[in-house]
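Descriptive analysis of the structure
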Amino acid sequence: MLLNFVHIGLPKSGSTFLQTTIFRSHPELYVFGFEGQNDLLNRHAYNLYPPSKFDKDDWMSQYMSLKSKYIPDDKIIGISYEFLSGLMYESDGRKRYANRLKELFPNTKILIILRHPLDFIKSYYSQLVRGGHALTLSYEDFVSDFLVNREICNLVDYRSLIELYETLFGHQNVLFLPFELLLKDSNRFLYLITEFLEIEHISADELKLARSNTNKSMSYPALKLVRTANMLFGGKHLRMIRRAISKSVYFVDRELNLPKIDRPSNSSIEHSECLKEL
């Protein structure tokens, strides 16, 4: 088979954990699209993402060449690239990338990890603050902004995401799991994934799973400090300064064990139409 499965995210929902454990360690798998894997294959996976000017035939021709050169014939092949689930300010991104995958690999399987919307929003905000986006809004202002609010509602519209992929690939070829199951029962989480991919079951102990493989959340004081750095050093040419500050902040977080930012208690995002039922 050309490609057995695609893990499309969501962002901030255990992607790093999956990539550094089961995707990298399981002997039957060859998964690319993330740091530490073959650079040429990774870059080719990233080329699935450009919003326009995508040449399906050219992409597939290059993929076949790379596959024959770098991927053993006996491996179950996967791509793990969380941006394929769409990002903010990409109103048609999800549908575009889903259709693109369908055109290239009509019989592949799709793995989706979902996270409680409020936790997802909090973590996504933290990533925007520290990830070079120069975000200066406070969390309350961020979720209260009308345009941001609308985009967030699109991101956490999980039902439409699942229906989109089930319509294109078939119910039996789409698995969606809650990120919270990974935290609560990692063995059950792994069992469901290995069963879906039709590979040998492997336990959390065998993979030596550890929470250290996840991206740690920043404390509220740390986020505030990085937001201040974004205000002072907002230009792209000064990203290195902000990155250095972020690294220092992580060290302080670890040493002082500062409290993490909580779910919002009374912000407008909780009263948005898309989240009224949570």
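Residues numbered from 1 in each chain as written. Predicted model: local features only at pLDDT ≥ 70, side-chain atom pairs only at ≥ 80, totals over all residues. Heavy atoms only, no water.

**Focus on the overall build of the protein chain**
Basically, it comes down to this: What counts as a helix is a DSSP run of H or I of at least four residues, what counts as a strand is a run of E of at least two, and both are numbered from the N terminus. Each residue gets one of three labels from its accessible area relative to the maximum for its type: buried under 20%, exposed over 50%, partly exposed in between, using a 1.4 Å probe on protein chains only. Residue-level accessible areas treat just the shown protein chains as cover; the underlying method is Shrake-Rupley with a 1.4 Å probe.
Of regular secondary structure, the protein chain possesses 14 helices and 5 strands. Each of the 278 residues in the protein chain was classed as buried or not, and the buried ones make up 50%. A total accessible area of about 14,400 Å² is found for the protein chain, and carbon and sulfur atoms account for 52% of it.

**Description of the packing of helix α3 (residues 39-46) against helix α4 (residues 56-70)**
Which entries qualify depends on this criterion: All axes here are fitted lines through C-alpha atoms, helices being fitted over the stretch that makes contact, and every angle between N-to-C directions spans 0 to 180 degrees. What sets the label is the angle itself: under 35 degrees gives roughly parallel, over 145 gives roughly antiparallel, 65 to 115 gives roughly perpendicular, and the rest give oblique. Crossings are sorted by hand: turned counterclockwise from the far helix by less than a right angle, the near helix makes the crossing left-handed, and turned clockwise it makes it right-handed. Only heavy atoms matter for contacts: two residues are in contact if any of them lie within 4.5 Å across the pair. Amino acids are sorted into nonpolar (Ala, Val, Leu, Ile, Met, Phe, Trp, Tyr, Cys and Pro), charged (Asp, Glu, Lys and Arg) and polar (every other residue, Gly among them).
Axis separation between α3 and α4 bottoms out at 10 Å; the angle between their running directions is 155°. Relative to α4, the element α3 is oriented roughly antiparallel. Two packed elements cross with a definite hand, and for α3 against α4 that hand is left-handed. Taking contact as the criterion, the partners of Leu-40, Leu-41 and His-44 in α3 are, on α4, Trp-59, Gln-62, Tyr-63, Leu-66 and Tyr-70. Split into classes, the residues belonging to the contact of α3 with α4 amount to 6 nonpolar, 2 polar and no charged.

**Some details on unusual backbone geometry**
For the bond from Gly-9 to Leu-10, the omega torsion is 15°, close enough to zero to count as cis. Within the secondary structure layout, Leu-10 lies in the loop between β1 (5-7) and α1 (15-20). The phi dihedral of Lys-12 falls on the positive side, at around 60°, and the residue is not glycine. Relative to the helices and strands, Lys-12 is located in the loop between β1 and α1. The class for Lys-12 is buried, based on a relative accessible area of 14%. Within the chain, Glu-198 stands out as a residue other than glycine whose phi angle is a positive 60°. Locating Glu-198 in the fold gives a position in the loop between α11 (186-197) and α12 (204-207).

**Notes on the environment of Thr-16**
Residue position: Thr-16 is located in helix α1. Residue Thr-16 is classed as partly exposed on the basis of its relative accessible area of 25%. Linking Thr-16 and Ser-80, residues 64 residues apart in sequence, is a C-alpha distance of 9.7 Å.

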